[in-house]
Amino acid sequence: MTEHVEWSEPEAVAAPAGAPVTPADAADAARLVAFGLQPKLQPARDQEYADLLRRYREDPSFARLADAVATGLGLIVLEVSPRAGMAVTAAEDSVFAVRMGDYARRTSADGGDRFLHGLAHLAVAAMAFPRPEDLADDGYIGRVTVNGVDAFVRQACHRLEERAAEQGENTDPATEAPGLEAAWRIWARRSATGATKDARRLAGSTTGIVAKAVAFLTDSGFLQRTGDDGGGTYRTTARYQLQVRDLAGGAAMAELLELGVVPVTDGTPTLLPPEDADDLELVADAGLPFHSA
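For clarity, every value in this text was computed on a predicted model and none was experimentally measured.

Q: Mind laying out the sheet that holds strand 3 (residues 143–145), listing which residues take part and the relevant values?
A: On the basis of which strands lie adjacent, the open sheet formed by 3 strands has the order 3-5-4 and antiparallel pairing. In this open sheet, the two edge strands, each paired with only one partner strand, are strand 3 and strand 4 (223–227). Going across the sheet, the axis of each strand differs from the next one's by a mean of 30°, ignoring polarity. Pairing of strand 3 with strand 5 (residues 233–236) involves 3 bridges; the strand directions are antiparallel.

Rendered as structure tokens:
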């Protein structure tokens, strides 16, 4: 294990203003972007990464060079800091972009299941950052559990069913219909764990789908596993918070949260409003860590 790096160590010397860019500078900038593409790598545990981050923050010309390298690779720099490292996300046309179709193929999901995998990711984001202030607070850490996310979606399904019945809507339309009004029917009919004698979690069950989602987020450096309770417990990382901020704007997330999700901090699900619900501001939108195409 590499030695822990303190940010108070001697600072890297910034290049003189107006100095020509050298091949070594370009290599360093590309190296920093490469570090940013390793989401699990912590700057505090890698001396070279820490030095390059410091140089980025203190040398404007180097920062511009690194930003240009990222842009050329189709990457968007979300933040460069000791807490998040060089946090980047892929633009839609980037070779590094992860698309929902690719993600679904990894899970061997059919057309209907792909929609459920997307809903699982929306639910994780909603439970992880249920309030606007949670997304805005750099120190906030969200917590979710596999069973909690599944239960949360099932409560949302129940709320949507009630709403459809109250409005006299057809409660059994074609499953190809877009939006949550179709998703809840598919999710609610799917077994939570599977049909094995010992109730083991099957990949096609709803908890299996949620488990795939959080495993993907963990591999991507967005979540960290903290235990086995509740089917698996996870905490958010700075990168996930930045990712959700950047991708805020999805109509499906807004529709999900408008059902009445309230702040949660221990990974448990709830749709019951608090006594001061009139004063509760919900997250306007959030998004997925991959592109829909």
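Moving on from the model shown.
Q: Quick one: what's the story with the nonpolar core, residue by residue and with numbers?
A: Judged by nonpolar contacts, the single largest core of 35 residues is most densely connected at Val 124, Val 149, Val 153, Trp 187 and Tyr 240. Elements that contribute at least two residues to this core include exactly helix 5 (111–128), helix 7 (146–166), helix 8 (180–189), helix 9 (206–219) and helix 10 (238–246). Ranked by the residues each element gives to this core, the list is headed by helix 5, at 10 residues. Other than its neighbours up to four places away in sequence, Val 149 contacts Ala 120, Ala 123, Val 124, Met 127, Val 144 and Val 210.

Q: I'd like to hear about helix 1 (residues 23–36), residue by residue, with values.
A: The end-to-end C-alpha distance of helix 1, which contains 14 residues, comes to 20 Å, matching closely the 20 Å that a straight helix rising 1.5 Å per residue would cover. Of all the residues in helix 1, the buried ones are Asp 25, Ala 29, Leu 32, Val 33, Phe 35 and Gly 36. Looking straight down helix 1, one finds its buried side chains confined to an arc of 160°; they lie on one side.

What counts, and where the lines are drawn
Residues numbered from 1 in each chain as written. Predicted model: local features only at pLDDT ≥ 70, side-chain atom pairs only at ≥ 80, totals over all residues. Heavy atoms only, no water. Pairing = 2+ DSSP bridges. Helix = DSSP H or I, 4+ residues; strand = E, 2+ residues; numbered from the N terminus. Axes fitted to C-alpha atoms, helices over the stretch in contact; angles between N-to-C directions. Core = buried A, V, L, I, M, F, W, Y, C linked by side-chain atoms within 4.5 Å. Buried < 20%, exposed > 50% of the residue type's maximum accessible area, 1.4 Å probe, protein only. Contact = heavy atoms within 4.5 Å. Expected span 1.5 Å × (residues − 1). Arc of directions from axis to C-beta.

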